[in-house]
Structure formats: structure tokens, C-alpha cells
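Here's the letter readout for the chains.
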Amino acid sequence: MTVRKKTGLVLLGLLMVPLLACGGKKSEDLDARAKRLGSQLRCPVCRGVPIADSPSGLAAEMMNEVKEQIRQGKTDEEIFQAYVARYGEWVLLKPEAKGSNLLIWILPVLVVGGGAVGIIYEIRKRNKVSA
Amino acid sequence: MKKWGLFLLILLPMVGLLYFSLTRNPRDLPSALIGKPAPHFELTTLDGEKVSLAGLQGHPVVVNFWATWCGPCLQEHRFIKQALQVYQPQGVSFYSILYEDTPENARSFMSKYGTGAPVLIDPGLRTAIDYGVAGVPETFFIDPNGVVVFKVAGVLTPGVIREQLHRLTQGGVP
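Colleague: Would you mind showing me how to read the packing of aromatic side chains here?
Modeller: Two aromatic rings, taken as a pair, are described by how far apart their centres are and by the angle between their planes. On inspection of all chains with the given rule, the structure shows nine aromatic pairs over all chains. Here the aromatic rings of Tyr87(A) and Trp90(A) are separated by 5.9 Å at their centres, their planes lie at 90 degrees, and the arrangement is edge-to-face. By relative accessible area, which is 15% here, Trp90(A) ends up buried. Relative to Phe140(B), the ring of Phe65(B) has its centre 6.0 Å away and its plane inclined at 85 degrees; by these criteria the two rings are edge-to-face. A residue pair is termed long-range when its members are at least 10 positions apart, and Phe65(B) in strand S3 (residues 61-66) and Phe140(B) in strand S6 (residues 138-142) qualify at 75 residues. Accessibility classification places Phe65(B) together with Phe140(B) in one group, the buried group. Three or more aromatic residues link up through ring pairs in this structure, and these residues are Phe41(B), Phe65(B), Tyr131(B) and Phe140(B). Over the aromatic face of Tyr83(A) sits the side chain of Arg86(A), whose NZ or CZ is 4.6 Å from the ring centroid.

Colleague: How do you make sense of empty space enclosed by the protein when you look at a structure like this?
Modeller: Space left empty within the atom packing is revealed by a probe, the size of a water molecule, rolled over the atoms. Residues and elements named next belong to chain B. For the coordinates displayed, the defined rule picks out one cavity of 30 Å³ or more. Counted as a void, the largest cavity has a volume near 60 Å³. Along its surface, the largest cavity is lined by Asn64, Trp66, Cys73, Glu76, His77, Ile80, Ser96, Phe109 and Met110. Among the secondary structure elements, those contributing two or more residues to the lining of the largest cavity are S3, helix H2 (71-87) and helix H3 (103-113).

Colleague: Any chance you could explain the interface of chain A and chain B here in plain terms?
Modeller: When the parts of a complex come together, some accessible area is lost, and that lost area is often used as the size of the interface. Listed by partner, the interface residues are 27 residues for chain A and 28 residues for chain B. Carbon and sulfur atoms supply 68% of the area that chain A and chain B bury against each other, a total of about 2,200 Å² over both sides. Looking only at chain A, the three residues that lose the most surface to chain B are Arg86(A), Leu103(A) and Leu107(A), adding up to 24% of its buried area. At the junction of chain A and chain B, the tally comes to three salt bridges. Here Arg126(B) and Glu61(A) are joined by a salt bridge, their closest N and O atoms 3.5 Å apart.

Colleague: Would you mind showing me how to read H3(B) here?
Modeller: Residues that lie three or four places apart on an α-helix share one face, since the helix turns once every 3.6 residues. All names here are of chain B. Within H3 the residues assigned to the buried category are Ala106, Phe109 and Met110. Along H3, the residues classed as buried sweep out an arc of 95 degrees about the axis, all on the same side. Summarising the geometry of H3, the exposed residues directed more than 90 degrees from the buried face are Ser111 and Lys112. Just past H3, the residue Gly114 takes up positive phi, approximately 95 degrees.

Colleague: Honestly, the nonpolar core in this entry has me stumped. Any pointers?
Modeller: Side chains of a nonpolar character, in soluble globular proteins, are inclined to be buried together. One finds Val66(A), Tyr83(A), Phe41(B), Phe65(B) and Tyr131(B) to be the most contacted residues of the largest nonpolar core, which totals 54 residues. Counting residues per element, this core draws most heavily on helix H2 (residues 57-71) of chain A, which supplies six residues. Residue contacts for Phe65(B): discarding those within four places in its chain leaves Ile97(B), Thr127(B), Ala128(B), Tyr131(B), Val133(B), Val136(B), Pro137(B), Glu138(B) and Phe140(B). Counting 15 residues, the second-largest nonpolar core is a separate cluster that includes Val62(B), Phe79(B), Ile80(B) and Leu84(B).

Colleague: Would you take a moment to explain the sheet that holds strand S4 (residues 93-98) of chain B for this structure?
Modeller: Paired through backbone hydrogen bonds, the strands of a sheet run either parallel or antiparallel to each other. Residue and element names in this part refer to chain B. Taken together, seven strands build an open sheet; the order of strands is S2-S1-S5-S4-S3-S6-S7 and the sheet is mixed. Among the strands making up the open sheet, the edge pair consists of strand S2 (50-52) and strand S7 (148-153). Taken over all neighbouring pairs, the strand axes of this sheet differ in orientation by 30 degrees on average, direction set aside. Strand direction decides the pairing type here: strand S1 (residues 42-45) and S2, joined by three bridges, are antiparallel. Bridge assignment links Leu43 to a residue of S2, and that residue is Val51.

Colleague: How do you make sense of the environment of Pro144(B) when you look at a structure like this?
Modeller: Residues and elements named next belong to chain B. As for its position among the elements, Pro144 is in the loop between S6 and S7. Residue classification places Pro144 among the partly exposed residues on the basis of a relative accessible area of 26%. Remark: the alpha-carbon pair of Pro144 and Leu12, spanning 132 residues in sequence, is separated by 47 Å. With residues up to four places along the chain from it excluded, the contact list for Pro144 reads Gln57, Gly58, His59, Pro60 and Leu168.

Colleague: Hey, could you run me through the pattern of salt bridges in this one?
Modeller: Oppositely charged side chains may form a pair once their charged atoms are brought near each other. If you walk through the whole model with that rule in mind, you get ten salt bridges over all chains. In this structure, the salt-bridge partner of Arg36(A) is Asp76(A), at a minimum N-O distance of 3.0 Å. Of the two residues, Arg36(A) is situated in helix H1 (residues 3-38) and Asp76(A) in helix H3 (residues 76-87); the sequence distance between them amounts to 40 residues. According to the relative accessible area criterion, Asp76(A) is partly exposed, its value standing at 23%. With a shortest N-O distance of 2.7 Å, Asp130(B) and Arg86(A) are connected by a salt bridge. Of this pair, Asp130(B) sits in helix H4 (residues 126-130) while Arg86(A) sits in helix H3, on two different chains.

Analysis parameters
Residues numbered from 1 in each chain as written. Chains lettered and ligands numbered in written order. Predicted model: local features only at pLDDT ≥ 70, side-chain atom pairs only at ≥ 80, totals over all residues. Heavy atoms only, no water. Phe/Tyr/Trp six-rings, centres within 6.5 Å; stacked < 30°, edge-to-face > 60°. Buried < 20%, exposed > 50% of the residue type's maximum accessible area, 1.4 Å probe, protein only. Helix = DSSP H or I, 4+ residues; strand = E, 2+ residues; numbered from the N terminus. Lys NZ or Arg CZ within 6 Å of the ring centre and 35° of its normal. 1 Å grid on protein atoms, 1.4 Å probe; cavity = no way out; pocket = protein on both sides within 12 Å on 5 of 7 lines; lining within 4 Å. Points joined across faces, edges and corners; volume = space filled by probe spheres on them. Contact = heavy atoms within 4.5 Å. Buried area = accessible area lost by both parts, 1.4 Å probe. Salt bridge = Lys/Arg side-chain N within 4 Å of Asp/Glu carboxyl O. Arc of directions from axis to C-beta. Core = buried A, V, L, I, M, F, W, Y, C linked by side-chain atoms within 4.5 Å. Pairing = 2+ DSSP bridges. Axes fitted to C-alpha atoms, helices over the stretch in contact; angles between N-to-C directions.

In C-alpha cells:
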């Protein structure tokens, strides 16, 4: 092998390094994204456990399907909607703030707000009585 | 005091409704697929024969998800065998899709309890996921146009089979 060929091979090897690094990063990103999406999808055979954390066989297959959909280039919204179309809204651990789901968002505000108003009202009433 | 009473009067039903919604079994909810085209599948029977849902169009189809380790599935197996005798001659197709189980277990089950509907193998549970299955047994009734018209989560009873298949084969309730 000539010096020129050897140099060529070394340069080719150096060029391959970033490409391989990019390949590794891509697969890591896929797992991280699948984990993020899977942590927002409810395991159908568990109670309130996301598919990303469930030990059930169904949840594991759902995770594999999420990865497949990511590889197909689907957006987060498209993946969530594909699950909602098959399982219904309950498959989302963080349901959309619409319809009766609004209760989940409004109720804590109502409880805290109502409680605060009640406390302020009581304090003022007592102050008036003591004055 | 009256204001607190009013506040509680508004709040308590809301908390009750929220509690009811959050503690309900998702399997009791109506399927998101009702009124929609049944998800397509092309699966293989225990004998290696390919079955495609598209190939069954024009006839009512009953798709049952089951497993040999599921007690209620054994209970409904008897009803499915009876229904096969009555409704298969009327053009109804029955398929039992295996859920988290092995073909070997399914073969042993069928030889022990008698052959029922053709068993389909579902690699990676893809068909179960497409049908929104959240446990077994679950059964879907598909009309001749390929639309899901009814879902049963739990044991399929002879009454439900009769009612649904009468509606699909003759139109109307028996």
C-alpha cells in the first residue's frame, strides 16, 4: 500500500467519526423522545401508570409502536392523536383542556380561589367585630 | 355561613363528578372505534392460513381478543362455539385473536375445550393496540360495511351475541 493510499484511508476514517457519532446521537434522541411521549400515555392495563414506566407486555408493545411512529416521521401530536383515536381521551395522562376535561384544570383553581376568598372574608369579619 | 354552604353546594358535586370520572375503569367506557371503520388486519391462523379483514367485507364479523390464561375467556369460549353453529351458516365470520399468549397454548386449549373460532396470531399485539384493547376478553362486532358497531369488554353472553348478530344479519332487535 502506497503512502498516498494510506493517507486516503486515514482521512476516510477521520471523516467517518462524526458520521458515526451522529448515528449514535440519532438513536439516543429516538429513545429519549419515545420515553417523553410514553410518559404521557396511560397504560391501558394499569391504574394511572404511563406506558414508559409500566412492566406490562401491552405497554412495552405500545412503546415499540411509539418508536415506530417516530421513525416514520410523525409529530408528537400525530402520535397522541393516533392513540386517542383507538383508546379514547383517557389514554392521555394530561388530557386536553376542553369539554368535561376542563374540570381537572378549573377545579383546583376554584378550590384554592374559593378558599382564599373565604379566609379573607372571615378575617375581615372578625376584624370588624373586634374593632 | 350561608355563603360557605353555597360554595360547598357548588364544589361537592364537582369533586364527586371528578372522583367518579377518575376512578372509572377505562374498559367500561364506550370504545372510541364505535361508528368508525374497523382497523384493518392481516393475520395468520394457527394453521398458517392468512386472514384479511378486507377479504371479509360484505359480511358481519365478530372479532374476539382472548388468551388461554384468562378465566372469563374459557367461560365465553362455550358461548362462541354455540354462536358459530347458529350464525356461521348465516354468513357471520368469527375470529379469536390471541392476546399475550403463545400458539402452542392456544392449540392445547382448543384440543382440551373444543375448537371454536379460528385463532389468529397477533405479532407485537399490533392489532390489539389498533382496536384499543385494554385487557381480555374484549369483542368487537363489525357490520358488513366494515364499521365497528358494538364492543363488549368482559364475558360475551349468549344474549348479547343474539342481540347484536340479529341486528347485523336481519336488522333490528330479536
